[in-house]
Amino acid sequence: MPVGSNAEAARMAAQADAAAIAGRSAAELYGLPVLAANIEDEPNNTTRFAVISRQEVPPSGNDKTSLVMSIRNIPGAIHELLTPLARCGGSMTRLESRPSRTGPWEYMFLVDLEGHQTEDKVARALDEMRGLAAFLKVLGSYPVAAQ
């Protein structure tokens, strides 16, 4: 049965004669036995969780910045859009494309960058990228999660 989260599945399983796929901490929290551990099919897979806020987070010294952007659909466009990042010495840690729903073969790009949006090299790259992008929105900067 699909639910909103693994923790919610564990909570519901604890109230019924059921099982859930959840982490060991959820099993401990809800008093569930662990029937099988390490059931993932990709051991290096990770899950990202986000805290959404209107409050800006100051630089921590070890940050990432997430943004969403689009560019016209012509050969080399994404290369052109990412060139300022390379020129400013920035580093991209994630690039995903998603259909934009504005038309066939139009995409939005989700990007994670190393550094805080207020850091000089990141700010310079973002300023240049804004001039090239059809759309660019900084979703926010945040401290890198502990591994």
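Residues numbered from 1 in each chain as written. Predicted model: local features only at pLDDT ≥ 70, side-chain atom pairs only at ≥ 80, totals over all residues. Heavy atoms only, no water.

Q: Requested: an account of the environment of Gln-15, with residues and values cited.
A: Position of Gln-15 relative to the elements: it lies in the loop between helix 1 (6–14) and helix 2 (24–30). Gln-15 sits 15 residues away from Tyr-30 along the chain, and the two C-alpha atoms are 9.1 Å apart. (Helix = DSSP H or I, 4+ residues; strand = E, 2+ residues; numbered from the N terminus.)

Q: Outline helix 4 (residues 120–132), supporting the account with residue identities and numerical values.
A: The terminal C-alpha atoms of helix 4, which comprises 13 residues, lie 19 Å apart, in line with the 18 Å expected from a rise of 1.5 Å per residue. All of the buried residues along helix 4 are Val-122, Ala-125, Leu-126 and Met-129. Angularly, the buried residues of helix 4 cover 100° about the axis, an arc narrow enough to put them on a single face. In helix 4, the exposed residues that point more than 90 degrees away from the buried face are Asp-120, Asp-127 and Gly-131. As for helix 4, its buried residues are in contact with strand 1 (63–70), helix 3 (77–87), strand 3 (107–114) and strand 4 (135–143). (Expected span 1.5 Å × (residues − 1). Buried < 20%, exposed > 50% of the residue type's maximum accessible area, 1.4 Å probe, protein only. Arc of directions from axis to C-beta. Contact = heavy atoms within 4.5 Å.)

Q: Got a sec to walk through the layout of surface pockets? Specific residues and values, please.
A: The rolling of a water-molecule-sized probe over the atoms marks out the regions of remaining empty space. Looking at the second largest pocket, its volume works out to about 710 Å³. Taken together, 25 residues make up the lining of the second largest pocket; nearest its centre are Ile-21, Ala-22, Gly-23, Ala-36 and Ile-39. Residue assignment for the lining of the second largest pocket shows that the elements contributing at least two residues are helix 1 and helix 2. Per element, the largest residue contribution to the lining of the second largest pocket is three residues, and it comes from helix 1. The residue inventory of the lining of the second largest pocket, partitioned by class, reads 15 nonpolar, six polar and four charged. (1 Å grid on protein atoms, 1.4 Å probe; cavity = no way out; pocket = protein on both sides within 12 Å on 5 of 7 lines; lining within 4 Å. Points joined across faces, edges and corners; volume = space filled by probe spheres on them. Nonpolar A, V, L, I, M, F, W, Y, C, P; charged D, E, K, R; others polar.)

Q: Describe in detail the side chain of His-116, supporting the description with residues and values.
A: Its location among the elements puts His-116 in the loop between strand 3 and helix 4. Separated by 2.6 Å, the side chain of His-116 and the backbone oxygen of Val-57 make a polar contact. (Polar contact = N/O pair within 3.5 Å; in protein donor to acceptor, adjacent residues only side chain to side chain.)

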